[in-house]
Amino acid sequence: MTGFLLFLSLSLAACVLAFVVPGHWTTRVSSVMGSFAAAALVYSGIVSFFFHSWSLNLWNLQGWGLLEVGEPRLPAFFVVVTGLVFLPVSWFSPEYLKRLQPRYDLRYFVLIYHALMMAIALTFLARDVITFLLAWEIMSVASYLAVNFEHLQESHTQAGYTMLGASEAGFLLTLGAWLPLIAVSHSIDFSAIQAASARHHFPLSLGWAVMLCSFFGFGVKAGLFPSMSWLPRAHPAAPANFSAILSGVILNLGIYGIIEINGVLWPIHNPSEGLLIVVIGSVTALIGILYASTENHLKRMLAHSSIENMGLITIALGATFTFRAAHLPELAWIAGIAALYQILNHSLYKSLLFLGAGAIDAGTGDLEMDRLGGLARRMPWTSAAMLAGVMAISALPPFNGFISEWLIIQSLLRSVVLKPTIDQVIFAFSGVIVALTAGLAATAFIKLYGMIFLGPGRSAASENAHEAGYGPRWAMGSLALLCLILGVTPTYVVTGLSPLAAQLAGGGVLGGLIPPFFSPRHLPRSLGQTFGPLGAEVGHHLLPGPGLVFLYQSPGPSPNVVFASSPSYLAVAMGIFLALSYLALRIVKKHQRVVRHEPWQGGVRQLPADAHYTATGFSNPIVVIFQAILRPYRPVEHEQFLASHFHSAVQREVRESYVVDRLVFYPAATVVQSIAGVLARIHHGKINVYIAYALITLLAVISLSLWVFP
Amino acid sequence: MLWFRKGLDQPVRTLTPKTSSTLHGLSPGRPAPTPSRDAAPEDVCPTHALKEHDGVMDVDYTQCIQCRLCRQQSLKNKMNWEEGFHWAQMTSTSLPDAFHHSVHVRVVDAGDCGACLNELHQLASPVYSLHRLGIAFTPAPREADVLVVTGPVTVSMKETLEEAFQSMPTPKRVMAVGTCALSGGIFSSSFAVAGPVDRVIPVDIAIPGCPPPPLALLDGFRLIMGARPENPLDGRVRK
Amino acid sequence: MTEKTLEHILEQHEEMAVTVEPNWIRIAAPASRLPELASQLAPEWAFAGIVPENDPKTQSLRLLYVFYARNGPWVGIEVRNHDQSIPTISNILFAADWQEREMEDLFDVQFEGHPQLGDFVLHDSHWPEGTAPMKRHSWEIRQKTTESRNLSTPRIVEASGSFVMPIGPIFSGTQEAIQFGLETVGEEIVFAHIRPFYKYRAVEKLLEGQTPSVALLIAERIDGLTAFSHSLAMAQAFETLAGAPVPPRVRLLRVFWAEIERIRSHMQVLAGILESTGLSVPANLIQALEEDLLQLSGALTGHRYLFGLVRPGGLSRDWSDTEIENIVDRLGTILEPSQRILDALTFDNSFLDRLEAVGTLSLESASTHCLVGPVARASGINRDLRVWQPYQAYDQITFDVPVQAEGDGYARFRQLCQEIVQSYRIVQQIPPLLPAALSQTEDFGITQAGTALGYAESPAGAVICCVSANSRGMVERCRVITPGLVNWHAFPQSVRHFAFQDFPIILATFGLSVADLDR
Ligand code: SF4
Ligand code: SF4
């Protein structure tokens, strides 16, 4: 509670101060206040998550119930994530905003920034429907203003509208979930709804209706299939620091909504509903990563990758709900851990990458990968931080992405215990898609890092890039560090997330797990015998903490290793290995002279800049392979000739349309239009025809009323 | 797989010291120093390879293009002809021990007519099968120990040749193959030829001939590898 | 047919002076009428090339546009270059493109309307534009020392993210030096540039002032792998100049060795194709057979590549009838396994997949490039000098000229296989035809100044050689139009829209020699 109040007062103070202090202080004051506010948010969240939650009544709405805010575990988790993103973004902003200074009034930026932070916090903390919806609307408007901050650019304004429109459409759809909940529980209070759902059995159709409305409604905000096309439009428009928040926090709001309704307030009882979520998640992930692999605009590419990550989170959530509905709490728990872990990870590395994109934009003025290159030499700090982010998002150890993706795949592979074969098949397919996604993500981010930071500069802008200042460096560095920490200490993170996951899974099962390898505690004897020969207890006296992530013991007689990995010790081993190889190289190379020479280029001394691989070239094989989805990516070629035989130009135009637009929205629009066309045929514009219509209607009404009320 | 089996069905084609007892067609031979009174006159030679010396008509092999004009039927006196293929000459003082077991070779065509290159290519055929002797062609000079240069170095190839040489790691050696590479041969007076290889990069092994037959090339490779057996096809001989 | 057309064309241009020589018609045309004449000839005549020659009266440079047709006379259009530009015909006959660029670089002749003159034969980084080395009569040619630091190809492709993939001049294995710039957006070659003449040895300049005997030695070193055909083409020009008939035995033996060279050269190309498709077992087997042929040549002629075999007026040695019989027998034993291997390949799906519909060159494209040799015949152009303009003893021999229609890599592969069969058929016919005694023209000499044409169908296509000699029998000017010069021009066209991994395969199926192009 103190943390939350501190946060509120700091944010409000920041808004006031922005208009009080002299102009050149505005952003710096906002940065300081913002970082303290974010820290307060993290503090508040941690306290409520681990120790005791609080609640606060705001208003008593006659006949409806109390308006209240509070911080149980689930919101607390999201609040921590929000704070962890806002904190570095606050450090990052002042320098980044400098370039907007001449054209925009930054005091409004401060206002929007803090209003957005408060609205987001409030949305998470709302404990009743009315507060939630109010906060949600404020958040929507604030985020629209944020995306549209550089409103002098036409395209940005459009992107802002698209986002606002999508957000409102989703909002209306979620009402379809809230209203039945309010109706059955006769209350707007979350706890009352939860209690009601636990007490009664409701018809299956109602469950489906709530689930569909909430999932697809909040899915708009989370960027899930089929409503994700606003996302890649909004991101390039927003300033980079807002992009970080958009990806790192606002998408989470959608996920939060889905979990809150389907996992807490109205837990899913029907495995099929969970399966639908898994399927939608898989489709989202695949589409997201395919477009991310082929997109060459840095921010748009990151936006597509956010879609992919939201898909992964959704898969894990769907798995949680399915396992829970199938009464497999252990597996549900593991999938839940995976989902929460992935949410945390994605917020961190994606905001890191967006901040990096901001630094690159500020340093070069360009975000097209085809034109960037060689920035590792000019922007070493940004490059190092981005490397960490890229490794994390490509799920490479020792960074955090590896663990959550590994957990997701593992939990999907456990589908063998599910009863109907169809469920198994769906899980297996999602597993395949997640694996494919991971592979494509690695390709996509190798492209990102390779094209932007390595090789020669492909344009004057990238040749003359300048490194970011201290604020952004700290911001990116701390996020990179967090990614690393979360990657090497999963045993602690998992233990921390366990209570919340247990809540979602419908039962705590941390005890049902085999104690970690290498832990100071001994293994149970039976397990010690099984795993001893594998080195299970090696060094358990020496090493400080638990190293292994999971073992799952099946209920059967023999201990059954489901999956096990020890990222902490893997990281240690990697470190040792690297150090040893370095030493070995030093020894071997001691007497060798190193001669440096330009790379071999077929005998030509220096090739022109356009003789180097581009991002387009790198992703071309993916375009070719996934032609079916990325279609119509087909190039249209025009050739121009001089003197009838000499080519003077071969122009290639690539026309593409987003697969979702093509398959969902354009057909829908066509249907609507054709219906309108049919209706339009009735409008002949002749007065006697209209009179005839009127007469027919009158007759119809009279006969109907005679028939109904004889 | 199918071809693998078909390949096994074929007889072994590889020349060995035993099977190659006759040089019939393996080497064209070359003019040998001949007592002047029996020798063809100096001016027969299109590349001025014949020089009289103390009563002996000497042949400058870096110039001789084996045109056989000095032994044509219409001449009264002809040059003697020697069979054989031990033509490789070491022109540098030392060859590193590092090459004793295996060498990697990058071939640079600096204006070759195609025949020298084809003889090098022929080395990889089963008949000569140079891989069994520890010699391999590499695609880039970066991995090469030996740079083989063929052809008179043309003006346009000069820098490229320098670049290839500079790109090689040390220790490195250069082998000039063919009369063109040694002196420019018949192209030496062309304005588009920058000169023999040693005017551009240092040459360690010179193999004359136009083109030198594969056996002469192998002889050169064996020389680089520190062994010069009686027959370069003999894989076992070590220094 | 051809003659009728020619008469018809000449009727339309009555004002032009026409000289009729045996098998040879020269039309002296004003430069402005050249495009018109060229477009009238284009449907039936193949464009051979542009030959520079000295006007015997004024000693000024004039250009001779050479055309040839099946069973018709050779046609040359004389165009005087009064230091003014000549209209380009490359817009009518694309084949003239490289020829004109070459003339511009070497003789400083300007072609009006040609969009891409300069920096071709003489790389501009070494020789400043306007050096024109062939125009001068001195060896002192200006040279720059600037480093060529760039792939100086203009970019053609306009697409976001497109880039150039540079290849060469030094690339894979024992490849000859040539450079390509493949413009692409990733997988597919959208446009291909070619930058030849890294190996330019100025052979045509070198030939000036040489005796016929040395000139032949130089000619065979233009392209070592088809040396015999090159020296044969040039020897014929000398023999025409000398006016001395070549003994029938020599004529037959020349055909004999030319066909053996064709078989060997085709084998080498086939081995290259197999290697490029990754089938190393058959590639090695064919290569070993090629080595057999080399050894056969080496043992019987004293040179594995038949260098020094053609002498003006004859051959450098003769063979007894039994020797010839033995060669034919030996050839049979070499070809028999090769035939088995090549037949087996036509059933190898993975091999066919890589060749079929790959590197396709349409008949239309092949005709506008006026292609020659197996490449042209694989695209459906039945063009073969041995039949069109029989030389040496080809008129005494029956053989077929195989032609394919598809123009793809597999068509070129089949073409080579079928030509080997035909060549063996020719070789087999020769021993019975050989007259007994050999009468070599020992004292060969040219006493009259003049210009003569010599030509031969080399394994890669038509080699056309135009020699002007002075009265002392020395070469004054010489132009060698090689199949490489003609066929390489079409190569970039054929790789367009194919993937990178097809590039080496297409390159191998063309079987072109860079030395032949660069000269
Ligand atoms: S073979 Fe030819 S080049 Fe060699 S010495 Fe004799 S004449 Fe001269
Ligand atoms: S030495 Fe002879 S074979 Fe070798 S490149 Fe020179 S001319 Fe050709």
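Residues numbered from 1 in each chain as written. Chains lettered and ligands numbered in written order. Predicted model: local features only at pLDDT ≥ 70, side-chain atom pairs only at ≥ 80, totals over all residues. Heavy atoms only, no water.

Q: Help me out: how do you make sense of the domain arrangement of chain C in this one?
A: How big an interface is tends to be stated in terms of accessible area lost as the parts join. All names here are of chain C. Entries for chain C in the domain assignment read domain 1 (2–144), domain 2 (163–195) and domain 3 (203–510). Each of domain 2 and domain 3 has a C-alpha centre, and the two are 27 Å apart. With 16 residues of domain 2 in contact, the opposing surface of domain 3 contributes eleven residues. Carbon and sulfur atoms make up 74% of the area that domain 2 and domain 3 hide from each other, which totals about 1200 Å². There are five residue pairs in polar contact (both at pLDDT 80 or more) connecting domain 2 and domain 3. Contributions of two or more residues to the side of domain 2 that touches domain 3 are made by β9 (163–167), β10 (179–184) and β11 (189–195). (Domains from an automatic or database assignment. Contact = heavy atoms within 4.5 Å. Buried area = accessible area lost by both parts, 1.4 Å probe. Polar contact = N/O pair within 3.5 Å; in protein donor to acceptor, adjacent residues only side chain to side chain. Helix = DSSP H or I, 4+ residues; strand = E, 2+ residues; numbered from the N terminus.)

Q: Please clarify how the domain arrangement of chain B should be interpreted in this entry.
A: Residues and elements named next belong to chain B. Domain boundaries in chain B define domain 1 (30–82) and domain 2 (89–230). A separation of 26 Å is found between the C-alpha centroids of domain 1 and domain 2. Together, the buried faces of domain 1 and domain 2 total about 650 Å²; carbon and sulfur atoms form 60% of this surface. For the domain 1 face of the interface with domain 2, the top three residues by lost area are T62, I65 and Q66, together amounting to 61%. The tally of links from domain 1 across to domain 2 stands at zero salt bridges. For the side of domain 1 that touches domain 2, a count of residues per class yields three nonpolar, four polar and one charged. (Salt bridge = Lys/Arg side-chain N within 4 Å of Asp/Glu carboxyl O. Nonpolar A, V, L, I, M, F, W, Y, C, P; charged D, E, K, R; others polar.)

Q: Help me out: how do you make sense of the interface of chain C and chain B in this one?
A: Tallying the contact residues gives 72 residues for chain C and 58 residues for chain B. Connecting chain C to chain B are two salt bridges. The partner of K199 of chain C in a salt bridge is D109 of chain B, with the nearest N and O atoms 2.7 Å apart. Our enumeration of links across chain C and chain B arrives at 19 residue pairs in polar contact (both at pLDDT 80 or more). Elements supplying a minimum of two residues to the side of chain C that touches chain B: α4 (203–207), α5 (212–220), α7 (248–276), α8 (280–301) and α9 (321–345) of chain C.

Q: Help me out: how do you make sense of the confidence of the model for chain B in this one?
A: Detailed reading of the predicted coordinates is not advisable wherever pLDDT falls low. Residues and elements named next belong to chain B. The predicted model of chain B averages 81 in pLDDT, with 91% of residues at 70 or higher. Per-element confidence in chain B is highest for strand β9 (residues 146–150), whose mean pLDDT is 90, and lowest for helix α1 (residues 2–9), whose mean pLDDT is 78. In the predicted structure, residues 235–239 sits below a pLDDT of 50 and forms eleven contacts with residues beyond four places in sequence or in another chain. (pLDDT = per-residue confidence, 0-100.)

Q: Sorry if this is basic, but what is going on with the interface of chain C and chain A here?
A: Of the residues lining the interface, 38 residues belong to chain C; the matching set on chain A comes to 32 residues. Surface buried jointly by chain C and chain A totals about 2900 Å² across both partners, of which 56% is contributed by carbon and sulfur atoms. For the interface between chain C and chain A, the tally reads zero salt bridges. Joining chain C to chain A, the criterion identifies four residue pairs in polar contact (both at pLDDT 80 or more). For the side of chain C that touches chain A, the elements supplying multiple residues, two or more each, are β8 (157–158), β9 and β11 of chain C. Top element by residues in the side of chain C that touches chain A is β9 of chain C. It accounts for three residues.

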